[in-house]
Amino acid sequence: INSSTVTNITYLDKCKRNQRKRGTDLEITVTDDSLIDLNVSVVYSLHNLSMAFRNINLTSNISNAVSYATLSNETDPPSGKRRVALFELNSTMNFSNYTLNYDYSPIAHTINDESTLKLYKCDNSSSCTLADTSAAIDAGNDIISVTLTDMSLFMVVEDATTTETVTETVTVSG
């Protein structure tokens, strides 16, 4: 199992949940029809991602088990929303689900209102129809968390804010 776009892959013992191997290029021997669990992390200057994959069915060597890419303007945010982050995740693994944790602490100071944060994903990758994932927001730890069954393009958004400038002229006579 390997990936060149992630920071770390951790192979976990399914029963004890402890680390068995760690790196970006792991050699794992498993019996036929075995299911394994992996944690994958991406450390990036603007956010950190962690993905906990459950019940991965390994049938052969897997190159680029998980791929990550930061995007910029490929997709517009939903109406009334401001884009905070845009990234794409893909996997060549066969898994039942994964939990995505998006740690926005490196950019928390740029967030206007944490209570309005949402994580969207493209339901249809060819036309990128964005759908709300109903992710949980842990504002105390600056983490957005959701359990999903597939990967896609993801967008973190918050309510757009507008600033109104009022100019008042005061005449002082003297």
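Look above for the structure.
Residues numbered from 1 in each chain as written. Predicted model: local features only at pLDDT ≥ 70, side-chain atom pairs only at ≥ 80, totals over all residues. Heavy atoms only, no water.

**What about the packing of aromatic side chains?**
Inspection of the entire model under this criterion finds six aromatic pairs. With a centroid separation of 5.7 Å and an interplanar angle of 5°, the aromatic rings of Phe-87 and Tyr-102 are classed as stacked. Here Phe-87, found in strand β6 (residues 81–91), pairs with Tyr-102, found in strand β7 (residues 97–103); they are 15 residues apart in sequence, far enough to count as distant. The same class applies to Phe-87 as to Tyr-102, namely buried. A ring pair is formed by Phe-95 and Tyr-98, whose centres lie 5.6 Å apart and whose planes are at 85°; its orientation type is edge-to-face. Under the relative-accessibility criterion, Tyr-98 is labelled buried at 0%. Chaining the aromatic ring pairs together yields one cluster made of Tyr-68, Phe-87, Tyr-102 and Phe-154. (Phe/Tyr/Trp six-rings, centres within 6.5 Å; stacked < 30°, edge-to-face > 60°. Helix = DSSP H or I, 4+ residues; strand = E, 2+ residues; numbered from the N terminus. Buried < 20%, exposed > 50% of the residue type's maximum accessible area, 1.4 Å probe, protein only.)

**Some thoughts on the sheet that holds strand β4 (residues 47–57)**
Read from one edge to the other, the open sheet built from seven strands follows the order β2-β1-β3-β4-β7-β11-β10, with strand pairing classed as antiparallel. Pairing within the sheet leaves two strands with one partner each, and these edge strands are β2 (19–23) and β10 (136–138). This sheet shows a mean twist of 15° between the axes of neighbouring strands, independent of strand direction. In this sheet, strand β3 (residues 35–44) lies alongside strand β1 (residues 8–12) in antiparallel orientation, the contact comprising five bridges. By the bridge assignment for β3, Asn-8 is matched with Ser-41. (Pairing = 2+ DSSP bridges. Axes fitted to C-alpha atoms, helices over the stretch in contact; angles between N-to-C directions.)

**Remarks on the pattern of salt bridges**
Enumeration over the complete set of coordinates arrives at four salt bridges. Two residues, Lys-121 and Asp-150, come together in a salt bridge whose shortest N-O distance is 3.2 Å. With Lys-121 in strand β8 (residues 118–124) and Asp-150 in the loop between β11 (143–148) and β12 (153–159), the pair connects residues that are 29 residues apart, well separated along the chain. On the basis of relative accessible area, Lys-121 is assigned to the buried category, the value being 6%. Residue class for Asp-150 comes out partly exposed when judged on its relative accessible area of 38%. (Salt bridge = Lys/Arg side-chain N within 4 Å of Asp/Glu carboxyl O.)

**A closer look at the side chain of Thr-10**
Relative to the elements of secondary structure, Thr-10 occurs in strand β1. By relative accessible area, Thr-10 is classed as buried at 9%. Beyond its immediate chain neighbours, meaning those up to four positions away, Thr-10 contacts Gln-19, Lys-21, Arg-22, Asp-37, Leu-38 and Asn-39. (Contact = heavy atoms within 4.5 Å.)

**Let's talk about unusual backbone geometry**
Although it is not a glycine, Asn-55 sits at a positive phi angle of roughly 55°. Position of Asn-55 relative to the elements: it lies in strand β4. According to the relative accessible area criterion, Asn-55 is partly exposed, its value standing at 31%. Positive phi outside glycine occurs at Ser-134, with the angle close to 60°. Residue placement: Ser-134 occurs in the loop between β9 (129–132) and β10. The class of Ser-134 is exposed, set by a relative accessible area of 64%.

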